Amino acid sequence: MVKRIFAEKKDGYDIEAREMLRDLTENLKIKGLRKVRVIARYDVEGISDAQYTAARKVIFSEPPVDYVYDEHMTFAEGERVFAAAYLPGQYDQRADFAAQCLQILTTGEKPVVRAARVVAVSGDVSDDDFRKIKDYCVNPVESREVSLEKPSRLEMTYEIPGDVEVISGFTAKTEAELSGMIRGLGLAMDAADIKFCQNYFAVGEKRDPTLTELRMIDTYWSDHCRHTTFLTRLDDVKIEDTTIKNVYKRYLTDRMYIYGGADRSVTLMDVATLAMKKLKKDGALAALDASEEINACSIKSEVDVDGKKEPWLIMFKNETHNHPTEIEPFGGAATCLGGAIRDPLSGRVYVYQAMRVTGSGDPRKSVGETLSGKLPQRKITTTAAAGYSAYGNQIGLATGMVNEIYDEGYTAKRMEIGAVIGAAPAENVIRERPAPGDIVILLGGRTGRDGCGGATGSSKAHTEESLSECGAEVQKGNPPEERKIQRLFRNPAVTRLIKRCNDFGAGGVSVAIGELADGIAIDLDAVPKKYKGLTGTELAISESQERMAVVVRAEDKETFIRLSEEENLEATAVAVVTEEKRLVMTWRGKIIVNISREFLDANGAEKTAAAYVPAIDRERGFFKPESVTDIKAKWLATLGGLNVCSQKGLAERFDASIGAASALMPFGGARQLTPEQVMAAKLPVLRGDTTTGTLMSYGFNPAISAWSPFHGAVYAVVESVAKIVAAGGNPSTIYLTFQEYFERLRDEPERWGKPLAALLGAYYAQTRLNIAAIGGKDSMSGSFLEIDVPPTLVSFAVNTVNVEKIVSGAFKKSGSKVALVRIMTDQDHLPDFAWLSEQYNKIYRLIQSGKVLSAYAVTGGGLCEAVSKMAFGNGIGFTFADLPPGDLFFPCYGSILLEFDGKAELGAVIGVTGGDTVSGRGFSLPLDELLEAWQAPLEKVFPTKTDEKASTAPKFAYTEKSAAAPLVKTPRPTVLIPVFPGTNCEYDTARAFENAGANAEIF
């Protein structure tokens, strides 16, 4: 019998309902809407009345904050009601966790639970308004409207899958018929690829393929899995710009140095990796950890553990989920972080910090301005933030930096990047080549229908139909399950059993297991399933999350499974390494895939393309100085720009203190208002303490790249390096990883020229700075109809550091001299790299000697942005020396501001700290006015203040505003808070009282 229960938050705790009311009122412009109620609904099957009574106030609700209703709810007259639930087959964490809790209570079989969200709206809401509300709240990619009536049964029904499906007559089909198959099956491969497949099966195998084989090959050769675009041969390169042409010639010369006379194609991949190969051959990458595994970037480091040096491996990785996040923001962003974690995790290191860098259109635009076939930008950006933060907060991963880049080009397709960093003692990581007879164990989550086609879907351009047709491609993550894998892999007794490991991302079983060795035999019947009814094809390509494929010796199989079960992880032997170099899959005892490794590794038919790079229009360049007549107006406009203004409301949705390893919080100073430019954390030692930590930063400005992709990449590298140096990092030991994101290139040479120019720019910067990108990720589907994303190459920089030497960005005291180490550039607006390297090394030595109190890298908003942000953290103003007005706003990327403790020993002194204004020749701007202008633009999208009428915060007696009080116009109470020294309680507690309207003094 099905039992039904409703739980609704009481007044004052109904945060979700109040937020939905605000969202619907502001975005849908439904002014007559007066109230929104959000009720969690559960249908349960498989428990007794007594068990239901026991669970009612323990599992399904919290009596102090919830109203509970049994079986039926009565709604007021005039309330309009609808219910929504996830699509069948999608993972529903709320329902799953309720079922797990019930199983603990009943100690029997796991009950069946179905969850839904009931929404009731009231006020002057017309039929059209109600339809708009439902369309806005129910995304067809992930969910659907469901009946308000209680079902009689909850068990999912499923069809018995048919037998192995052979594509009869495939080897004899005409080119027109093959093209029709591509359209009919929605394949990502092109006409040349399917013809290549036809020839293989006709000549090599002398048979027709199964549908599973064709689907699996399509997945293997997708851009997402095999970087098809980046591996396309560029057989016709034309470059008109002299500067870029000279860099290309240098690249060709370095190719000869690396490859000699070997016949190697010019590809985007080769341009992207040649700097690393050259510097490695030159002996410049001493810390690079090279192996056959390609899970994540890996470097070697000597780590201080209780005063003793230990060899460790540090791994870092960036990952995008642009396509999934565009169509299903919560799940796409959540699994972006989950996928990023799994790459270094599969390298057997513990991931301890994450960075999130995203690209969006203007989120302040109304729903009425949304393009047909798109979700509103505001809904995408806010829901994606909720998804990423929910995953990070649940898995227990500190998110050290959150930045969103705004550009209208990202309305074509959102950019969602997760970058993570992890580490482990080197002795815990064993890497051996799999041998015949070794066993492949599938570890972690079960396989479902969710995620089928994700790899091929993300390789396609977004169309108006994507929202309604791509549901199966976007999967829901289960962070607690991945957390268990993290715990398991911290056990050296486990990791030393692993010869090789792969995470389950794009391609599912076929790629994750198929790439572990040249010869693999997979038993799909052994793969654990979320539910019955899955076909062999679905089992082969499903991207269901939180799974690992692990190779162990046959004699270690039972030990590994036992250790996994101790962490409550399911581990199942599903494959064996074979002598024959073929990928074989069986289902229902029959072979449904049997393909040679050589054919799979061919990546389809060889692709060729032409690239054309036009001359850069330097007269209309990004770095052209502008005249400024009204400094105040320009200053306020600069701080109010979307790419300069405060994103604190966004960042506060993420927890930066989990794990107690963070060395910098996202916002610095006593007022937590200076945005830090790096994320920093101690390494995750299990025993003892360490002073060894890591820094991670990023660099990218879409405005520079839109003008010149070459310069955009150069300054992305320079910006990421400058931020590391400003925080105290060593410029000579920095390692990079890149994220490339470009429009659909089609067969148009000028479109191909954009990523080529960007990669040449990155190549130029790497070779001149003598540092290298040792990894990266490309995504080449940033198009929607006729709209394209801006040419995007994001540079991520990583460095090890003594955490006691890290410098933060906020001004530390009044009376300090502040100097600018200003970048020197040539007539092509390119840095003098020899001079820059020299200056960066001097800055590093000054910071290590303790002579620098604060430092900040100058970016797009120039000195105006940098000085303002440095001033906000501690409320310390600044007086400029006599500078030309244009210099205050010039985007001198690569330049660094230094606050000295005494004499300024480097750069040109531009002013002195102190007071409560930012002033100079002819202007004086109060800090509180600047702060207000900086905080206002995104306040309605990502609020930092609660609605006073709805607030249930405690009231305190007010005290007089002191000189050190926050820069607000209303006096605030002061509360004394005892905390334990050396913990992160200081920040969290102080922030809690800050939000409650009080100053916090720690003792």
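Calculation rules
Residues numbered from 1 in each chain as written. Predicted model: local features only at pLDDT ≥ 70, side-chain atom pairs only at ≥ 80, totals over all residues. Heavy atoms only, no water. Helix = DSSP H or I, 4+ residues; strand = E, 2+ residues; numbered from the N terminus. Rg over C-alpha atoms; globule rule 2.2 N^0.38 Å. Buried < 20%, exposed > 50% of the residue type's maximum accessible area, 1.4 Å probe, protein only. Areas by Shrake-Rupley, 256 points an atom, 1.4 Å probe, with all protein chains shown as cover. Lys, Arg positive; Asp, Glu negative; His and termini not counted. Charge placed at Lys NZ, Arg CZ, Asp CG, Glu CD. Salt bridge = Lys/Arg side-chain N within 4 Å of Asp/Glu carboxyl O. Axes fitted to C-alpha atoms, helices over the stretch in contact; angles between N-to-C directions. Parallel < 35°, antiparallel > 145°, perpendicular 65-115°, else oblique. Left-handed = near helix turned anticlockwise from the far one by under 90°. Contact = heavy atoms within 4.5 Å. Nonpolar A, V, L, I, M, F, W, Y, C, P; charged D, E, K, R; others polar. Core = buried A, V, L, I, M, F, W, Y, C linked by side-chain atoms within 4.5 Å. Pairing = 2+ DSSP bridges. Disulfide = S-S within 2.5 Å. pLDDT = per-residue confidence, 0-100.

Check the secondary structure of the protein and you find 30 helices and 38 strands. Rg of the C-alpha trace for the protein: 29 Å, near the compact-globule value of 30 Å for 1003 residues, within the 12% margin. With the C-alpha coordinates aligned to their principal axes, the bounding extent of the protein is approximately 80 × 80 × 60 Å. Residue burial in the protein is summarised as follows: out of 1003 residues, 59% are buried. With the model as given, the accessible surface of the protein reaches about 39,100 Å², and the carbon-plus-sulfur share is 51%. When the 119 basic and 135 acidic side-chain charges of the protein are each reduced to a single mean position, those positions are 2 Å apart.

With that settled, the discussion passes to the pattern of salt bridges. Applying the stated rule across the entire model yields 72 salt bridges. Salt-bridge contacts for R822 lead to D887; the nearest nitrogen and oxygen are separated by 3.9 Å. Residue R822 is located in the loop between β30 (817-821) and α27 (833-848), and its partner D887 is located in the loop between β32 (878-880) and β33 (896-900); the two are separated by 65 residues in the primary sequence.

Moving on to the packing of helix α9 (residues 242-259) against helix α10 (residues 268-281). Between α9 and α10, the shortest axis-to-axis distance is 10 Å and the interhelical angle comes to 55°. Considering the angle they form, α9 stands oblique to α10. For the pair α9 and α10, the sense of crossing is left-handed. Each of Y251, D254, R255, Y257, I258 and Y259 in α9 lies in contact with α10, whose residues at this interface are D270, V271, L274, K277, K278 and K281. Residue composition of the contact of α9 with α10, by class: 6 nonpolar, no polar and 6 charged.

By the element assignment, L650 lies in helix α23 (residues 648-651). Of the residues examined, L650 reaches a relative accessible area of 0% and is grouped as buried. A sequence separation of 291 residues divides L650 from V941, and the C-alpha atoms of the two residues are 8.5 Å apart. When near neighbours in sequence (up to four residues on either side) are disregarded, L650 contacts R356, A385, V402, E404 and F942.

All right, on to the nonpolar core then. Counting residues in each nonpolar core, the largest one holds 160 residues, and the members touching the most others are F489, W635, L760, F880 and L897. Tallying contributions element by element places helix α25 (residues 709-727) first for this core, with 12 residues. When sequence neighbours within four positions are dropped, the list of residues in contact with F489 reads L345, R348, L443, V494, T495, I498, C501 and V550. If you look at the next biggest cluster of nonpolar residues, it comprises 48 residues, including I167, M189, C197 and V509.

Time to look at the pairing of strand β20 (residues 608-613). Only one face of β20 is covered, namely the one carrying A609, A611 and V613; the face carrying T608, A610 and Y612 has none of its residues buried. Note: strand β7 (residues 233-239) against β20, 6 bridges, orientation parallel. In the sheet register, L234 faces β20, and the bridge partner there is A609.

With that out of the way, let us pick up the side chain of S360. Tracing the backbone shows S360 in strand β10 (residues 350-360). Taking the relative accessible area as the measure of exposure, S360 reaches 0% and is therefore buried. Excluding residues within four positions of it along the chain, S360 makes contact with Q377, T381, E404, I405, Y406, D407, Y410 and R414.

A word on the sheet that holds strand β31 (residues 852-857). Strand order in this open sheet of 7 strands is β31-β33-β30-β34-β32-β35-β36, and the pairing throughout is mixed. Every interior strand has two partners, whereas the edge strands, β31 and β36 (923-926), have only one. Direction aside, the axes of adjacent strands within the sheet are offset by 20° on average. When β31 meets β33, the two strands line up antiparallel, connected through 5 bridges.

A few words now on the packing of helix α28 (residues 862-872) against helix α29 (residues 927-935). Two elements in contact, α28 and α29, have axes whose closest approach is 11 Å; the angle formed by their N-to-C orientations is 110°. Relative to α29, the element α28 is oriented roughly perpendicular. Across the interface between the two elements, S868, K869, A871 and F872 from α28 touch L927, L930, L931 and W934 from α29. Broken down by class, the residue content of the contact of α28 with α29 amounts to 6 nonpolar, 1 polar and 1 charged.

Further remarks concern the state of the cysteines. Scanning the entire structure with this criterion turns up 0 disulfides. A disulfide-free cysteine, C645 has its sulfur positioned 13 Å from the sulfur of C864, the nearest such atom. For C645, a relative accessible area of 5% corresponds to the buried category.

In this model, the protein carries a mean pLDDT of 89, and residues with pLDDT of at least 70 account for 92%. Confidence over residues 455-472 falls short of pLDDT 50; this stretch has 63 contacts with residues more than four positions distant or in other chains. Predicted confidence for residues 949-1003 stays below pLDDT 50, and this span has 72 contacts to residues more than four positions away or in other chains.

Here the focus is the sheet that holds strand β8 (residues 297-305). If you trace the 5 strands from one edge of the open sheet to the other, you get β8-β9-β12-β10-β11, paired in mixed fashion. For this open sheet the edge positions go to β8 and β11 (398-406), each flanked by a neighbour on one side alone. Strand-to-strand twist of the sheet, defined as the mean angle between neighbouring strand axes without regard to direction, takes the value 20°. As judged from the 9 bridges shared by β8 and strand β9 (residues 308-320), these two strands associate in the antiparallel manner. By the bridge assignment, D304 is partnered in β9 with K309.

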